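Residue-level listing of the chains:
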Amino acid sequence: MQKLKNYVCGSWIEGEGIQGTLLNPATGEELAHVSTAGIDFEAALSFAREHGGPALRAMTFAERGALLKSMASVIHEHREELIAIGVKNAGNTRGDAKFDIDGSFGTLARYASIGKKLGDTRFWLDGEAQDMGQSSRMQGRHVFVPRKGVAVLINAYNFPAWGMMEKAACAILAGVPVLAKPATLTCMMAERIVEIIIEAGIMPKGTFSLISGSAGDLLDHLGFQDCVAFTGSAQTGSMMRSHPRVLAKGVRIGVEADSLNCAILGADVDVDSETYDLFVRDVVTDITQKAGQKCTAIRRVLVPKEKLANLKERLASELSRIKMGVPDTEGVRMGPLSGPKQLLEAREKLDQLLTCTERVIGDPDDFVALGDPEKVGAFMPSIVLEAKDADAADKVHKIEVFGPVTTLIPFDGSAKEAARIAGLGEGGLVATFYSDDRAFAAELIEEIGPFQGRLVWGSKRSAGAAPSPGTVFPDFIHGGPGRAGDGEELGGMRGVAFYCQRLAIQGYGPLIDRVFKV
Ligand code: NAP
């Protein structure tokens, strides 16, 4: 059986023994072994700092952008092969695998064009110079400089391609080498992508390293110039934040954790309208796409009381059309969860939600999985719950079932109440509201804004053009306050800033300007 390798210190290294086995979650077939035992993580970080950092810092933004463009091109060339890996190792349907892979090279390509636009400079100025006293001889300005450490990119299992490259694009454009640590469960994809870019001979020495499996004692060797960009559960995120080495060295850490995202239907929206159709489409997409394993998926649906019955009918009808099963089986549009352990965890959390909600659509014990008559795969059907009372159903605002599950919450239709209920989730990555009433929208934006990283307004004006709210775009920030980790990724140069030091430089203005080629 294949054994995945680690790429550290400029070489492909096999870990000692077998620490884990990757599976096809739809069939239970064993695919590959992984191990990171025996890897010297301290040496891996030092190699990246000593070779990769100087190589990237010597390049201009335009050159780093060109590197990102080459990475995007070679990944694109292997698109079909990578889709097959997503289907096999993550249980993705072809559409779900494309979402991940296209997101990876699309983000790299976008950052490539940002680099090109910044041009032949290695400096990124932040704002204008300002006089410091009465004369203009003493001035100050801010500038971003790349940190002299390693970008340690720790990712969750649901987006092994996109998750790794959305972080890598920002770090490399900043001029910081990358050490990627994808989640073990689905790391076949990340390993193959790194192999592709290394084989293409485009990465300067030490600029990209990979760990295919457990992180071992990696965190114990972090230094104050390193940055950890973490995506995963809130629990692991808080362990990372409070890691003794992170605290002792003041290691910069960004956390993208889970979130109980809301979709809110405005009371003005008629059930026969385009805006309502958009709302239903988004809820259905977020339940079923990647079998609900998206950090941005809609977990709570706030619906004005008088529209609840209609919504239940519409969702039951739409969801019944989406067939679940082994991904390459004819007609299948939803795959399994990413593994048996993930199914078990989702079932346990669903049981906890059922202590304060009622199941209105779907049955975890009675479903059809096409192509899997024996039910060996990690399948969970689409499930819709109903919370009769937003406050009594406290677990709905605390527990994330990382699967095809959402909860309907009837409310009085007011913006204040919608924002209050959304706020019970204590911080979200994204909230979506659907309304053609500008007064409702304005009040809601003000009330709910501080609790979210991103807010999507669905209306009849955007209905034909709106992507699903779960889609993350490189030009807009991804992250959210509180429970969502309080991180901020992407957002154009905002995401690059994480890997840089913002420096205030003060002195004789013309001299400073000459150094920075203003
Ligand atoms: P997880 O269990 O928290 O693991 C996340 C990553 O942390 C994995 O790579 C894991 O490695 C690693 N890790 C765990 N312990 C570590 C340690 N001691 N040192 C270094 N690394 C360590 O999360 P998951 O199960 O993979 O992903 C699902 C969760 O991620 C969900 O809650 C979801 O909401 C969240 N998520 C959030 C976002 C976002 O952008 N906000 C995006 C996607 C997913 P191993 O796999 O080797 O254990």
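Everything numeric in this text was worked out from a predicted model, so none of it was measured. (Residues numbered from 1 in each chain as written. Predicted model: local features only at pLDDT ≥ 70, side-chain atom pairs only at ≥ 80, totals over all residues. Heavy atoms only, no water.)

Caption draft 1: Up close: helix α11 (residues 340–353). With 14 residues, α11 should reach 20 Å at 1.5 Å per residue; the first-to-last C-alpha distance of 20 Å fits that figure. Of the residues making up α11, those classed as buried are Q342, L343, A346, L350 and L353. When α11 is viewed along its axis, its buried side chains cluster within an angular range of 100° and face the same direction. Projecting away from the buried face of α11 at angles above 90 degrees are the exposed residues P340, K341 and L344. (Helix = DSSP H or I, 4+ residues; strand = E, 2+ residues; numbered from the N terminus. Expected span 1.5 Å × (residues − 1). Buried < 20%, exposed > 50% of the residue type's maximum accessible area, 1.4 Å probe, protein only. Arc of directions from axis to C-beta.)

Caption draft 2: Structural view of helix α5 (residues 162–174). Over its 13 residues, α5 extends 18 Å from the first C-alpha to the last, a length consistent with the 18 Å expected when each residue adds 1.5 Å. Residue G175 follows α5 closely and has a positive phi angle near 100°.

Caption draft 3: Just the packing of helix α12 (residues 415–423) against helix α13 (residues 438–448), in detail. At a minimum axis separation of 9 Å, α12 and α13 run at an interaxial angle of 30°. Between α12 and α13, the crossing angle belongs to the class labelled roughly parallel. Judged by the sense of rotation from one axis to the other, the crossing of α12 with α13 is right-handed. For the pair α12 and α13, contact is made by A415, K416, A418, A419 and A422 and by F440, E443, L444, E447 and I448, respectively. In terms of residue class, the contact of α12 with α13 is built from 7 nonpolar, no polar and 3 charged. (Axes fitted to C-alpha atoms, helices over the stretch in contact; angles between N-to-C directions. Parallel < 35°, antiparallel > 145°, perpendicular 65-115°, else oblique. Left-handed = near helix turned anticlockwise from the far one by under 90°. Contact = heavy atoms within 4.5 Å. Nonpolar A, V, L, I, M, F, W, Y, C, P; charged D, E, K, R; others polar.)

Caption draft 4: Spatial organisation of the packing of aromatic side chains. For the structure shown, the criterion picks out 10 aromatic pairs. Considering the side-chain rings of Y157 and F402, the 5.8 Å spacing of their centres and the 85° angle between planes classify their relative orientation as edge-to-face. Taken as a pair, Y157 in the loop between β8 (151–154) and α5 and F402 in the loop between β18 (383–386) and β19 (405–411) lie far apart in primary sequence, 245 residues in all. Among the residues examined, Y157 registers a relative accessible area of 16% and is labelled buried. Ring-pair connections join several aromatic residues into one group, and the members of that group are F99, F159 and W162. Of note, R64 hangs over the ring of F61, and the distance from its end group to the ring centre comes to 5.0 Å. Its guanidinium or amino end placed over the ring of F367, K375 lies 4.8 Å from that ring's centre, counting from NZ or CZ. (Phe/Tyr/Trp six-rings, centres within 6.5 Å; stacked < 30°, edge-to-face > 60°. Lys NZ or Arg CZ within 6 Å of the ring centre and 35° of its normal.)

Caption draft 5: The arrangement of the packing of helix α3 (residues 79–90) against helix α6 (residues 187–199) in detail. Across the interface, α3 lies against α6 with an axial gap of 9 Å and an inter-helix angle of 160°. Considered as vectors, α3 and α6 are oriented roughly antiparallel to each other. Two packed elements cross with a definite hand, and for α3 against α6 that hand is right-handed. Taking contact as the criterion, the partners of E81, L82, I85, G86, K88 and N89 in α3 are, on α6, C187, M188, M189, R192, I193 and I196. Its residues assigned to classes, the contact of α3 with α6 comprises 7 nonpolar, 2 polar and 3 charged.

Caption draft 6: Representation of the sheet that holds strand β5 (residues 30–34). If you walk across this open sheet you meet the 3 strands as β1-β5-β4, and the pairing is mixed. This sheet does not close on itself; its edge strands, each paired only once, are β1 (2–3) and β4 (20–23). Strand direction decides the pairing type here: β1 and β5, joined by 2 bridges, are parallel. Following the sheet pairing, Q2 is matched in β5 by A32. (Pairing = 2+ DSSP bridges.)

Caption draft 7: Summary view of the domain arrangement of the chain. Taken domain by domain, the chain comprises domain 1 (2–258 + 487–515) and domain 2 (261–473). Taking only C-alpha atoms, the centre of domain 1 and the centre of domain 2 are 31 Å apart. Listed per partner, the contact involves 20 residues of domain 1 and 29 residues of domain 2. Carbon and sulfur atoms make up 61% of the area that domain 1 and domain 2 hide from each other, which totals about 2000 Å². Where domain 1 meets domain 2, there are 0 salt bridges. Taken together, the links from domain 1 to domain 2 amount to 4 residue pairs in polar contact (both at pLDDT 80 or more). Those elements that place two or more of their residues in the side of domain 1 that touches domain 2 are α3 and α4 (94–118). (Domains from an automatic or database assignment. Buried area = accessible area lost by both parts, 1.4 Å probe. Salt bridge = Lys/Arg side-chain N within 4 Å of Asp/Glu carboxyl O. Polar contact = N/O pair within 3.5 Å; in protein donor to acceptor, adjacent residues only side chain to side chain.)

Caption draft 8: Expanded view of the site of the ligand. The local shell around the ligand holds 26 residues, among which T184, S233, T236, E400 and H478 are the closest. Between G232 and the ligand, the recorded distance is 3.4 Å, taken from a backbone N or O atom to an oxygen atom. Within the side chain of S233, a nitrogen or oxygen atom sits 2.7 Å from an oxygen atom of the ligand. For the ligand, whose unbound accessible area comes to 920 Å², protein coverage reaches 80%. (Near = heavy atom within 4 Å. Areas by Shrake-Rupley, 256 points an atom, 1.4 Å probe, with all protein chains shown as cover.)

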